[in-house]
Amino acid sequence: MPANEFPQRPTSVRTRSVSKWLPRAAMVALLGLSAPATAQQPEPPTTENVPPPVLPPMPERRVFFTTLNVVRYNPLGLESQNRLVYQKRLFDSPSLLLRDTFASAAASLKLSPAFFKLGPVLELQPAAVLNLRAGYEYIQYFGTFGSVQSYPNSFQNYADDVRDVTNDQAYGTSGHHFFLEPTLQAKVKSVALRTKLAFEYWNVDLHDGGPQSTFYDPTLDTLVPGKGWVLANDTDLIWMNGRWTLGARFSAVWPSYGEDADAVDPQTGRSRPDNSHMRVGPIVAYAFDTRPGGFMNKPTALLIAGWYLTHENRTSAMPYLLAGFSFSTELLAGR
């Protein structure tokens with residue numbers, strides 16, 4: 001055998017031994033390295049016997065400021081509604097019925113170029129489907145922009161063009177406004193239904209201070225008794241999808257003038273009005289940011305339109321229009 005040739009048989013035996021054990025060693029190494037990694041992997045998700053997700057509870061106490069600023073057409077108006085609210089959670093429950101329950105007390109201030117309204121508001125929500133709000137407002141009318149104009153009874157023509165002619169008869173005065181607002185609300189997935197009644201008692205110092213005297217209120221858009229009751233309703237059916245809220249609103253107002261009003265004859269050529277009205281139309285709202293917290297919490301733009309089904313002066317195709325912007329500011333929140 002030449003000296004420069006390697007022995008063939010030993011070389012062949014060594015090669016088979018290496019080829020036999022290298023795969024085994026590699027397999028052992030792979031298993032050893034992969035075992036810790038495998039142990040760290042999460043178990044595959046399962047839906048069996050898993051309870052539904054629990055929403056975080058409301059804070060036990062909150063102090064926040066909320067504002068809604070609106071401009072209105074038909075009738076024309078501009079108003080800023082502001083409240084400073086202290087709120088306390090009632091129940092610490094994961095139940096959807098009892099989770100969003102609270103009691104609150106607030107200081108309310110409403111401002112417009114024609115008046116300001118100031119007073120306390122109490123609110124109770126013992127269940128997610130029921131909300132009760134009650135409050136009092138001291139009202140100061142400035143005598144500007146045609147407000148207040150008063151009348152000896154409820155049978156007067158209070159159309160916009162008529163009131164424009166008598167703007168110089170407007171005067172400043174003060175009054176008191178009490179209200180109770182029960183609300184029923186329900187939500188199924190993304191669809192919600194909400195209906196709010198408002199029982200309002202007005203006591204305003206009018207120049208026509210008789211028992212049948214009235215004045216025009218632009219928010220209610222009717223003749224309000226100087227001393228008496230008004231019933232109002234807003235019913236919303238809405239669909240919520242992320243930042244968008246779309247739906248429809250039905251609104252109605254029914255003033256009550258008392259039995260003494262029956263003793264007054266309407267003006268010549270006019271039927272006996274009750275000055276109630278109803279309208280219906282779409283609601284569109286968009287929240288620019290839905291993340292909680294920050295100086296502007298959930299800044300939202302709002303647009304409401306309404307066509308009058310019945311009204312003493314607004315039966316044309318021109319709709320009621322309201323555009324608004326709202327947000328809240330969290331001042332204190334704690335568990």
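The structure we're discussing is the one just above.
Here goes a summary of the coordinates provided. Fair warning: this is a prediction, and the values are worked out from it, not measured in the lab.

**A few points about the overall build of the protein chain**
Part 1 of the reasoning: Helix and strand content of the protein chain: three helices and 15 strands.
Part 2 of the reasoning: Split into buried and exposed, the 335 residues of the protein chain put 36% on the buried side.
Part 3 of the reasoning: As displayed, the protein chain has an accessible area near 19,900 Å², and 64% of this comes from carbon and sulfur atoms.

**Some details on the pairing of strand β1 (residues 61-73)**
Part 1 of the reasoning: Sheet analysis places β1 next to strand β2 (residues 77-89), joined by twelve bridges and oriented antiparallel. Its bridge partner lying in β2, arginine 72 is registered against glycine 77.
Part 2 of the reasoning: Linkage of β1 to β2, two consecutive antiparallel strands, is achieved through a turn of three residues, within which asparagine 74 is found at a positive phi near 65°.

**Re the nonpolar core**
Part 1 of the reasoning: Membership of the largest hydrophobic core comes to 16 residues, with the highest contact counts inside it found for Tyr141, Trp202 and Phe215.
Part 2 of the reasoning: Within the residue set of this core, elements represented by two or more residues are β5 (130-141), β8 (191-204) and β11 (227-241).
Part 3 of the reasoning: For this core, the element with the most residues is β8, which contributes three residues.
Part 4 of the reasoning: Those residues within four positions of tyrosine 141 in sequence are excluded, and the remaining contacts are Ala114, Phe115, Ser147, Val148, Gly172, Thr173, Trp202, Val204, Phe215 and Asp217.
Part 5 of the reasoning: In terms of nonpolar packing, the next biggest core, distinct from the first, is built from six residues, Val70, Ile283, Ile304 and Leu322 among them.

**Points about unusual backbone geometry**
Part 1 of the reasoning: With omega at 10°, the peptide bond leading from asparagine 74 into proline 75 counts as cis.
Part 2 of the reasoning: Looking at the element boundaries, proline 75 is found in the loop between β1 and β2.

**A short note on the packing of aromatic side chains**
Part 1 of the reasoning: As enumerated under the stated definition, the model contains 13 aromatic pairs in all.
Part 2 of the reasoning: Both rings, one in tryptophan 244 and one in tyrosine 286, keep their centres 4.7 Å apart while their planes meet at 55°; by these two values the pair is tilted. Residue tryptophan 244 is found in strand β12 (residues 244-256), and its partner tyrosine 286 is found in strand β13 (residues 277-287); the two are separated by 42 residues along the sequence.
Part 3 of the reasoning: Judged by relative accessible area, which is 44%, tryptophan 244 ranks as partly exposed.

**Examining the sheet that holds strand β9 (residues 214-217)**
Part 1 of the reasoning: A sheet is described by the order of its strands in space; here three strands give the open sequence β6-β9-β10, paired in antiparallel fashion. Of all the strands in the sheet, the pair left with one neighbour each is β6 (150-151) and β10 (222-225).
Part 2 of the reasoning: Where β6 lies against β9, two bridges are found, and the strand directions are antiparallel. By the bridge assignment, tyrosine 151 is partnered in β9 with threonine 214.

Thresholds applied
By convention here, each chain's residues receive numbers from 1 onward along its written sequence. For this predicted model, a pLDDT threshold of at least 70 governs which residues receive local features, and a threshold of 80 or more governs which side-chain atom pairs are given and counted, while totals over whole chains, interfaces and linings are taken from all residues. Calculation of side-chain values draws on the structure's entire complement of heavy atoms; hydrogens and water are dropped beforehand. Starting at the N terminus, helices and strands are each numbered in turn, a helix being any DSSP run of H or I of at least four residues and a strand any DSSP run of E of at least two. In this scheme, a residue with accessible area under 20% of its type's maximum is buried, one over 50% is exposed, and one in between is partly exposed, where area comes from a 1.4 Å probe on protein chains only. Accessible surface is estimated by sampling points in the Shrake-Rupley manner with a 1.4 Å probe; for residues, cover comes only from the protein chains shown. Paired strands, as defined in this entry, are two strands with at least two bridges between them according to DSSP. What is meant by a nonpolar core is a set of buried Ala, Val, Leu, Ile, Met, Phe, Trp, Tyr and Cys residues, joined one to another through side-chain atoms within 4.5 Å. Contacts are assigned to residue pairs with any non-hydrogen atoms lying within 4.5 Å of each other. The criterion for an aromatic pair is that two Phe, Tyr or Trp rings (for Trp, the six-membered ring) have centres within 6.5 Å, with stacked assigned to planes under 30 degrees apart, edge-to-face to planes over 60 apart and tilted to the rest.

Fair warning: the whole summary comes from geometry, so function is off the table for now.
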